[in-house]
2 protein chains.
Amino acid sequence: MTATVRGVPDTSSRQVTITDIAREAGVSVPTVSRVVNGRDDVSAATREKVEALLRHHGYRVQRGPRPSRAFLLDLVFDDLDSPWAVEIIRGVEEVAHAAGAGTVVSAVHGRSASAEAWLQNLHRRASDGVLLVTSDLQQDLGPVLRESSVPLVVVDPAGLPPVGVPSVGATNWAGGVAAAEHLVRLGHRRIAHVGGPAHLLCSRARLDGHRAGVEAAGLVLQDELVREGDFRQGSGLREAQALLDLPEPPTAVFAASDQMALGVYEAVRRRGLRVPEDLSVVGFDDLDLATWASPPLTTVRQPLAEMGAAAARTLLDLADGREVPHPRVELATTLVVRSSTAPPRGLAASDTESGGK
Amino acid sequence: MTATVRGVPDTSSRQVTITDIAREAGVSVPTVSRVVNGRDDVSAATREKVEALLRHHGYRVQRGPRPSRAFLLDLVFDDLDSPWAVEIIRGVEEVAHAAGAGTVVSAVHGRSASAEAWLQNLHRRASDGVLLVTSDLQQDLGPVLRESSVPLVVVDPAGLPPVGVPSVGATNWAGGVAAAEHLVRLGHRRIAHVGGPAHLLCSRARLDGHRAGVEAAGLVLQDELVREGDFRQGSGLREAQALLDLPEPPTAVFAASDQMALGVYEAVRRRGLRVPEDLSVVGFDDLDLATWASPPLTTVRQPLAEMGAAAARTLLDLADGREVPHPRVELATTLVVRSSTAPPRGLAASDTESGGK
DNA sequence: CAGGTTTCCGGAAGCGTTTCCGGAAGCGGG
DNA sequence: CCCGCTTCCGGAAACGCTTCCGGAAACCTG
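Calculation criteria
Residues numbered from 1 in each chain as written. Chains lettered and ligands numbered in written order. Predicted model: local features only at pLDDT ≥ 70, side-chain atom pairs only at ≥ 80, totals over all residues. Heavy atoms only, no water. Helix = DSSP H or I, 4+ residues; strand = E, 2+ residues; numbered from the N terminus. Contact = heavy atoms within 4.5 Å. Areas by Shrake-Rupley, 256 points an atom, 1.4 Å probe, with all protein chains shown as cover. Near = heavy atom within 4 Å. Polar contact = N/O pair within 3.5 Å; in protein donor to acceptor, adjacent residues only side chain to side chain. Pairing = 2+ DSSP bridges. Axes fitted to C-alpha atoms, helices over the stretch in contact; angles between N-to-C directions. Buried < 20%, exposed > 50% of the residue type's maximum accessible area, 1.4 Å probe, protein only. Salt bridge = Lys/Arg side-chain N within 4 Å of Asp/Glu carboxyl O. Expected span 1.5 Å × (residues − 1). Buried area = accessible area lost by both parts, 1.4 Å probe. Nonpolar A, V, L, I, M, F, W, Y, C, P; charged D, E, K, R; others polar. Least-squares fit on C-alpha atoms with pLDDT ≥ 70 in both. Arc of directions from axis to C-beta. Core = buried A, V, L, I, M, F, W, Y, C linked by side-chain atoms within 4.5 Å. Parallel < 35°, antiparallel > 145°, perpendicular 65-115°, else oblique. Left-handed = near helix turned anticlockwise from the far one by under 90°.

A. Expanded view of the overall build of chain A. Looking only at helices and strands, chain A has 12 helices and 13 strands in total. If you take every contact in chain A between residues at least 6 apart in sequence, the share linking residues at least 24 apart comes to 71%. Here chain A displays about 14,900 Å² of accessible surface, and carbon together with sulfur accounts for 53% of that area.

B. Looking closely at the protein's contact with DNA strand D. Taken together, 23 residues lie around DNA strand D, and Ser28, Thr31 and Thr46 of chain A together with Ser33 and Tyr59 of chain B are the ones closest in. Counting only atoms of DNA strand D within 4 Å of the protein, the fraction found in sugar and phosphate groups is 69%. In this structure, a phosphate oxygen belonging to DNA strand D sits 2.6 Å away from a side-chain N or O atom of Thr31 of chain A. Contact distances for DNA strand D include 2.3 Å between a phosphate oxygen and a side-chain N or O atom of Thr46 of chain A. For the surface near DNA strand D, the elements supplying multiple residues, two or more each, are α2 (29-36) of chain A together with α2 (29-36) of chain B. Per element, the largest residue contribution to the surface near DNA strand D is 4 residues, and it comes from α2 of chain B.

C. How the structure looks around the sheet that holds strand β10 (residues 280-285) of chain B. All names here are of chain B. Overall, mixed pairing links the 6 strands, which are arranged β8-β7-β9-β10-β11-β13 in an open sheet. In this open sheet, the two edge strands, each paired with only one partner strand, are β8 (226-228) and β13 (334-336). Across the sheet, the mean angle separating the axes of adjacent strands is 20 degrees when strand polarity is ignored. Examined bridge by bridge, strand β9 (residues 252-255) and β10 share 3 bridges and lie parallel to one another. Residue Val253 lies in a different strand from β10, and its bridge partner there is Val281. Contacts between helix α7 (residues 172-185) and the sheet are confined to β7 (191-195), β9, β10, β11 (298-301) and β13, with β10 contributing the most and set at about 165 degrees to the helix.

D. Highlighting the environment of Leu54 of chain B. Residue and element names in this part refer to chain B. Looking at the element boundaries, Leu54 is found in helix α3 (residues 44-57). For Leu54, a relative accessible area of 12% translates into the label buried. Spatially, the C-alpha atoms of Leu54 and Val35 are 9.4 Å apart, while their sequence positions differ by 19 residues. Among residues more than four places away in sequence, those in contact with Leu54 are Ile21, Val32, Val35, Val36 and Tyr59.

E. Quick look at the pattern of salt bridges. A complete count under the given rule lists 44 salt bridges over all chains for this structure. Of the charged contacts, one joins Asp245 of chain A and Arg271 of chain A as a salt bridge, the two residues approaching to 2.5 Å between their closest N and O atoms. You can see Asp245 of chain A sitting in the loop between α9 (233-244) and β8 (252-255) and its partner Arg271 of chain A sitting in the loop between α10 (258-270) and β9 (280-285), a full 26 residues away along the chain. Look at Asp245 of chain A and you get exposed, because its relative accessible area is 57%. You can call Arg271 of chain A partly exposed: its relative accessible area is 35%. Residue Asp74 of chain B is joined to Arg125 of chain B by a salt bridge in which the shortest nitrogen-to-oxygen separation is 2.7 Å. Of this pair, Asp74 of chain B sits in strand β2 (residues 72-77) while Arg125 of chain B sits in the loop between α5 (112-124) and β4 (129-133), and the two are 51 residues apart along the sequence.

F. Layout of the sheet that holds strand β5 (residues 152-155) of chain B. Spatially, β12(A)-β5(A)-β4(A)-β3(A)-β1(A)-β2(A)-β3(B)-β2(B)-β4(B)-β5(B)-β6(B)-β12(B) is the arrangement adopted by the 12 strands of the open sheet, whose pairing is mixed. For this open sheet the edge positions go to β12 (328-331) of chain A together with β12 (328-331) of chain B, each flanked by a neighbour on one side alone. The sheet shows a mean angle of 20 degrees between the axes of neighbouring strands, taken without regard to direction. Summarising the sheet, β2 of chain B and β4 of chain B pair through 4 bridges and their orientation is parallel. From the neighbouring strand, Leu73 of chain B faces β4 of chain B, where its bridge partner is Gly129 of chain B. The strands touched by helix α12 (residues 304-319) of chain B are β2, β4, β5, β6 (167-170) and β12 of chain B; relative to β5 of chain B, the strand with the most contacts, the crossing angle is about 170 degrees.

G. Representation of α7 of chain B in the model. Here α7 of chain B contains 14 residues, and its C-alpha end-to-end distance of 20 Å stays within 8% of the 20 Å for a straight helix at 1.5 Å per residue. Directly after α7 of chain B, the chain includes Gly187 of chain B, whose backbone phi takes a positive value near 110 degrees.

H. Fine view of the interface of chain B and chain A. On the chain A side, the residues contacting the 75 residues of chain B number 77 residues. Between chain B and chain A lies a buried interface of about 6,600 Å² when both sides are counted; carbon and sulfur atoms form 55% of it. For the pair chain B and chain A, the interface holds 0 salt bridges. For the interface between chain B and chain A, the tally reads 14 residue pairs in polar contact (both at pLDDT 80 or more). The set of elements that each furnish at least two residues to the side of chain B that touches chain A consists of β1 (5-6), α4 (83-98), β3 (102-107), α5, α9 (233-244), α10 (258-270) and α12 of chain B. Examining the composition of the side of chain B that touches chain A, we find that 7 residues originate from one element, α4 of chain B, more than from any other. Tallied by class, the residues present in the side of chain B that touches chain A amount to 34 nonpolar, 25 polar and 16 charged.

I. Representation of the relation of the copies chain B and chain A within the structure. Laying chain B over chain A is done by rotating through 180 degrees and shifting 0.3 Å along the axis; what remains is an RMSD of 0.5 Å. In the structure described here, the two chain copies are related by an operation that fits a two-fold rotation axis. The share of interface residues of chain B whose copies in chain A are also at the interface is 100%, consistent with both copies meeting through the same surface.

J. Quick peek at the protein's contact with DNA strand C. Around DNA strand C sit 22 residues, and of these Ser33 and Tyr59 of chain A together with Ser28, Thr31 and Thr46 of chain B come closest. Each atom of DNA strand C within 4 Å of the protein was assigned to sugar, phosphate or base; sugar and phosphate come to 71%. One nitrogen or oxygen atom from the main chain of Ile18 of chain A is found 2.7 Å from a phosphate oxygen belonging to DNA strand C. Within the side chain of Arg63 of chain B, an N or O atom sits 3.5 Å from a base oxygen of DNA strand C. Contributing elements (two or more residues each) for the surface near DNA strand C: α2 of chain A together with α2 of chain B. Here the residues of the surface near DNA strand C sort into 8 nonpolar, 9 polar and 5 charged.

K. A look at α3 of chain B. Residues and elements named next belong to chain B. Compared with an ideal rise of 1.5 Å per residue, which puts 14 residues at 20 Å, α3 spans 20 Å between its outermost C-alpha atoms and is within 8% of the ideal. All of the buried residues in α3 are Arg47, Val50, Leu53, Leu54 and His57. On an axial view of α3, the arc spanned by its buried residues comes to 135 degrees, and they lie on one face. Residues of α3 that are exposed and angled more than 90 degrees away from the buried face: Ala44, Ala45, Glu48 and His56. The inward-facing, buried residues of α3 contact α1 (18-25) and α2.

L. Inspection of the nonpolar core at higher detail. Counting residues in hydrophobic clusters, the biggest one holds 128 residues, and the most contacted among them are Phe77 of chain A together with Phe77 of chain B. If we ignore the near neighbours within four places in the chain, the residues touching Phe77 of chain A are Trp84, Ala85, Ile88, Ile89, Val105, Ser106, Ala107, Val108 and Val133 of chain A.

M. Structural context of the packing of helix α1 (residues 18-25) of chain A against helix α3 (residues 44-57) of chain A. Residue and element names in this part refer to chain A. For the pair α1 and α3, the least separation of the axes is 10 Å and the interaxial angle reads 130 degrees. One finds that α1 runs oblique with respect to α3. Between α1 and α3 the crossing geometry is right-handed. Listed contacts from α3 to Ile21, Glu24 and Ala25 of α1 are Lys49, Val50, Leu53, Leu54 and His57.

Right, here's the structure in full:
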């Protein structure tokens, strides 16, 4: 099968118009127009005939009025390098699909350079709205999008979203509290934090929650136990190694993402230690991989798909010119206890809280 | 901040036209047209003035000629429930973005019911082409898409793609051989296979490769050691448990996906056994999670992003009416040795091949 | 300053499509 | 056979936009 394949079957000379179709079908131009637009005041016979020709010539409308809506939602990530993203995509896609809209996924790899070009594309395809996900660009793009009057919703805002821009997030702070409380109850006193980039709102909220949960038990979160990562596994490994090198290493680690938690696992493994016997680990997100890590990871569940879905619904409301009742939504996080947390070594399982899901 | 937000700022009465803008700006209609289309034969002052009005009124083209290309690529998955997908998306998005096109991601959850509706959407938005990923729908949709003359490329074909439809895959068979050879060289004799759904081409190829690799060493792959999963973790767990229950359990497992390999990990963990001491495990895909599993997973790398990119390039070629030189492409798989494979218990590390990455 | 070139813009014509309106059939009931 | 009604379709006009072309003004160049 070495035959090559041609893309457009009929590249005769010029795009066909309804005039051509009309002439060939022996009907008038308006009639063809009616068929194309699915009006019902055309006889079955005529419709059949015209439709056949339409299909045969691969007719595509090429001037006429543009539809008021493009039925496209733009979903913009900073990067597409994590299973994280697919959860959001799934939520958005489901809602968009139900509304007959397509989901355009893009990544503004890093810098505004490509963002400029991306904006042009956006404008050309007349997207109905933009969902911006945890992006540093939020600050740069926000105003531009605002001005171009494209509906905008921010998912998991990186900072305070501009006024008038609805956002959907999760209760990061509460999640941090829950994680800390869980570990405290197990008897841990030195609970380290491996956070995300400090300039992100969600990172700060998780850390503050952690601190609050610890302090509620009359403990303090020492500075040496707070490390900054970038949500990726590598940073979890790196920071966990630093923590284990401490003269008095922690007995538990709360990592601000599941991926970093896996990095912590690896640091533990490389030391010949074990989770949770030597170190308890709590993650954040509850991605698929949390269930299937060895051991299954205790983590703070963040309903990513639901967040995407909620954001998409809000965006569709905006695009339709409906009012958005709740410009700021935070969905609840919940602690999911699995097998990566246990009482610290040397402490009898007093009021044990570990165990299966 | 309880203020509601309105989507469309100016819903005065009627959509603004360039005629309105022209009148208000005190210029002619063609001039506004030129500004809108970014022509360069407009003075800076005039352009500025018109652009301001355009923005202010939120002008959107509403008739004129449609662009010949929509600059949209449709990327269709069966389901969006795996980190798998995001790799493909990334590859496609990169190429599409570079070509100024958007990537529309959708999931035809299961059945043709929604596929029908989806096709309608597709047609309405006049997508430039469709990338179909490992879908059972390939058979159903293929012909329909064919007739509607939408360029189509199949990624990781589920079966033999229809003639005339280019496809991009990976050398699944060779990957299976590599995995088996690696395990045989470590001294394994009973190497089980946990495969994907048998009706998928890639599943069959991986199993056949496994068999071939084993037989090349003068061994046979016994039927009891061949299990069928669905590429997801749960099935890996289930099938591995069945294998471990065998009177003479295998000393190594080749799972046809990384996710199933993690399921195998979990089965081993639940038995109180260890990887690789008690069971060597090889996966397939080399997703991110393979690197960060405990222990890091030896796996057959499948260049998913590159596959997506190659498919997208092919699709763009088709959409442009260029000829596609290679209707069928298979990208190379490579074995990545990490720490989940070792010689079987009771066998001295003869010609050891385990070790770090 | 004459002549040529470039820059910038408007009038007119044209694009493919839709909308409006009216007329020709077809049909059943008186 | 006529009447009113519906169904189906065509001519003409309108739609919003683009392209073509020519002319006025500004800007050089010697």
